[in-house]
Each structure stands twice: as structure tokens, then as C-alpha cells.
Amino acid sequence: MNRYALAVHGGAGTINRNSLTPEMEDRYHQGLQAALQAGQGVLAQGGSAVDAVTASVCALEDEPLFNAGRGAVFTSGGLQEMDAAIMDGATRAAGAVGGIFGPRNPILTARAVMLRTEHVMLIGPNALRLAKDEGLPFEDESYFFTQARWDALQSTLAMRAAGQEDDDPARRHGTVGAVACDAQGNVAAATSTGGMTAKAPGRIGDTPIIGAGTFADNATCAVSGTGHGEVFIRYNAAGEVAARMRHAGETLADAAHHVVMEDLAKHDGSGGLIAVDAAGNVTLPFNCEGMYRGWVNQDGTLETSIHQESRRVECS
Ligand code: ASP
């Protein structure tokens, strides 16, 4: 039996220590812990990596602090359009949705694309129809509205109107994700996002693009990214971690570090990623001030972190 491992993220970017009150910090840690526990519950019972990442991402989508599902950011048109993807490293089966609004958990619609259709990505009304046919729960505008996201949209639009460039796109984004390796040595990745604040209506980021923000293959690794989506797409970030392992024989940690610190950081791609390989190794590099993240393994050690230092919780 393999040793299982699980990692989650709740977005990366400019996470200013001074503006984060101890209460808010606690809430973030609790949100990450709840997501880890949801996925760990699956893995500890011998469940699959795909089920574990689904459970973790659903927990993160339900937590309004994070930019996915309930806490999704707004487009420049004042609406919310969500992207999500899931990939099974055992089979390379994948499912993704782009620009959807309505399903409580976009990741479950992506999973339905993977399991119920012969396609990899669905968008618009046909993605919603699939979610309805699957009997997935839907929510209305009031469920998804958060004042903080609305205020962020107004300030971004005001900056734009004043002709000011946001010098740090990391300020405007966020995403949630999970990667896991199960006791059978299968890996999986899932990622879900509202995208970037004030994005153009119809804009699709890296999250649902297999190989950009999400990727999984037992032969190499499972990856979930968060950051400036356009750069992740152009540098094929998640797929590049796997490619460096496969073709250059790099370790998971070296491959992920190179992609985040060289390919992305040097080309305006602020952000980070979480990755796991089929031996249960985990790495969580980021090139900006912080990344909401956490990891747990079979020893029962669960850690969550926002900046460099981490909080450790011993599980029984
Ligand atoms: N990568 C996401 C996007 O560009 C945003 C983020 O992860 O912060 O849609």
C-alpha cells in the first residue's frame, strides 16, 4: 500500500500581513483545515484521490473567504463566471467547465463532464444542463454575493477609470485547489475559481485548461495552480512540471520550483502551485508574498500556512 498525501490551496498573491487581522488569519486556517479534513476522510478510508480532491475543493467552494463557488469574484460587468477542472492521474480522464454561474459547486459539474460525457470541457447553458441532469444543487445570486468581492470590483473599476494600472495583478485574484495521492498510488488534481476581479465577461483563465492550471498523471504528478492565469496558460505551467519530470528526470520539487520561480516569476506570472507525485511527495512553491495552503499525510500531521511559517495540527 502506498502512503497517501493531500495538499490544498486557497489562492496566492499579495497577502499583506498588516491588513490580515488575527481573527481573519484564524478563519483562513480553519477553512484550509476543514478542506484538508474533508479530503483526508476519504483517503484514510482507502478512497480514491479523485474523490478526495473533490471533497476538499467542495469544502473550499463552500467557504466564502476563498475565490471559488460561494466567494467568487465579479467580472467587470458585475456578474460571476466560474471555471473548474478535475483530472484523474490513473486514466488521464479530465473534465472542465468555463464561465458558469448557478451550480453551488462548480467542481461537481466539471466532474460530471469527466464522468458522464465523452468531452473534456463544457461551457455555458450546456454545462448547466448537465449539472441539472445530474441533480446537482444550484444557488441564486444572494448565495454567491459577498460584500468584500463587490467592494474589490468597485475599487478595481475606479482605478481603471482613473487610468491607474494595478501594479500587482496578484491583488485581484485567488482560486482553490487540491491534489492527492491515494493508498493505491493514484494521483488527482482539482481546481476551481471565480477568476480575476474585473475580468472581461467571457474570459476563461488557466484553471479549466488541462495542462495550464490543472493536470494529473500517475507517471509524474498532479498539479493545481493559482496565479495570473494568462501567464500560466502561455507557459503551460502544470503540464510543464510533469514534462520536466518525464523528460529531464527532475524530482517533483525541482520541477515545480523551476516552473514557479523561472517560467512564471520571470514573465509576470505571480502565483504558485501545489503538486504531489505517486510516491506521496508534496511540494507547494509560490513566488509572491503568500499562498493559502495546507497539507496532510498518513502520519496524521496536518499543516496550514499563509506566509512562510506554518501551523501544525496533530490528528489522531
Ligand atoms: N488563476 C486564476 C485565473 O486566472 C486566478 C488565481 O488563481 O488567482 O483565473
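Refer to the structure above for everything that follows.
The present account deals with the structure reproduced in this document. Just so we're clear, the structure is a prediction, and the values are computed from it rather than from any experiment.

## Structural notes on the pairing of strand E5 (residues 176–181)
Of all six residues in E5, six are buried; the element is thus mostly enclosed. The alternating pattern of E5 places Val 176, Ala 178 and Ala 180 on one face and Gly 177, Val 179 and Cys 181 on the opposite face, and all of these are buried. Looking at chain direction, strand E1 (residues 5–13) and E5 are connected through five bridges and run antiparallel. Bridge pairing in E5 links Ala 5 to Cys 181. With six bridges joining them, E5 and strand E6 (residues 187–193) adopt antiparallel strand pairing. By the bridge assignment for E6, Cys 181 is matched with Val 187. Hairpin connection from E5 to E6: five residues lie between these consecutive antiparallel strands, with Gly 185 at a positive phi of about 85 degrees.

## Some details on the environment of Asp 140
Inspection of the secondary structure puts Asp 140 in the loop between helix H4 (124–133) and helix H5 (141–144). The exposure class of Asp 140 is partly exposed, given its relative accessible area of 41%. Residues Asp 140 and Arg 104 lie 36 residues apart in sequence; the distance between their C-alpha atoms is 8.8 Å.

## Digging into the pairing of strand E2 (residues 82–88)
Burial within E2 is extensive, with seven of its seven residues counted as buried. Neither face of E2 is open: one carries Met 82, Ala 84, Ile 86 and Asp 88, the other Asp 83, Ala 85 and Met 87, and all of them are buried. Direction of pairing for E2 relative to strand E3 (residues 93–100): antiparallel, over a ladder of six bridges. Paired with Asp 88 across the strands is Ala 93, a residue of E3. Between the antiparallel neighbours E2 and E3 lie four residues, among them Arg 92 with a positive phi of about 65 degrees. Note: E2 against E6, six bridges, orientation antiparallel. Note that in E6 the partner of Asp 88 across the bridge is Ala 188.

## Details of the pattern of salt bridges
Counting across every chain of the model gives 10 salt bridges. In this structure, the salt-bridge partner of Glu 139 is Arg 104, at a minimum N-O distance of 2.8 Å. On the criterion of sequence distance, the pair formed by Glu 139 in the loop between H4 and H5 and Arg 104 in the loop between E3 and helix H3 (106–116) is long-range, its members being 35 residues apart. Of the residues examined, Glu 139 reaches a relative accessible area of 23% and is grouped as partly exposed. Overall, Arg 104 belongs to the partly exposed group, its relative accessible area being 29%. With a closest N to O distance of 3.9 Å, Glu 240 and Arg 244 form a salt bridge. Remark: Arg 244 and Glu 240 occur in helix H8 (residues 237–248); sequence separation between them is four residues, near one turn of the helix. We classify Glu 240 as partly exposed; its relative accessible area is 23%. Look at the salt bridges and you will find they share partners, linking Arg 92, Asp 217 and Arg 246 into a network.

## Details of empty space enclosed by the protein
Applying the stated criterion to the full structure yields one cavity of 30 Å³ or more. By volume, the largest cavity is sized at about 60 Å³. Along the wall of the largest cavity there are 13 residues; nearest its centre are Thr 175, Thr 193, Gly 195, Arg 203 and Asp 206.

## Overview of the nonpolar core
Note on soluble globular proteins: their nonpolar side chains tend to be buried together. Within the largest apolar cluster, 45 residues are counted, with the highest numbers of intra-cluster contacts made by Phe 66, Ile 86, Ile 107 and Tyr 292. It is helix H2 (residues 49–62) that contributes the most residues to this core, seven residues altogether. If we ignore the near neighbours within four places in the chain, the residues touching Tyr 292 are Val 8, His 9, Gly 10, Gly 11, Ile 15, Leu 20, Tyr 28, Leu 32, Phe 66, Ser 305 and Ile 306. Membership of the second largest hydrophobic core comes to 35 residues, among which are Ala 94, Cys 181, Ala 222 and Leu 273.

So, how was this worked out
- Residues numbered from 1 in each chain as written.
- Predicted model: local features only at pLDDT ≥ 70, side-chain atom pairs only at ≥ 80, totals over all residues.
- Heavy atoms only, no water.
- Buried < 20%, exposed > 50% of the residue type's maximum accessible area, 1.4 Å probe, protein only.
- Helix = DSSP H or I, 4+ residues; strand = E, 2+ residues; numbered from the N terminus.
- Pairing = 2+ DSSP bridges.
- Salt bridge = Lys/Arg side-chain N within 4 Å of Asp/Glu carboxyl O.
- 1 Å grid on protein atoms, 1.4 Å probe; cavity = no way out; pocket = protein on both sides within 12 Å on 5 of 7 lines; lining within 4 Å.
- Points joined across faces, edges and corners; volume = space filled by probe spheres on them.
- Core = buried A, V, L, I, M, F, W, Y, C linked by side-chain atoms within 4.5 Å.
- Contact = heavy atoms within 4.5 Å.

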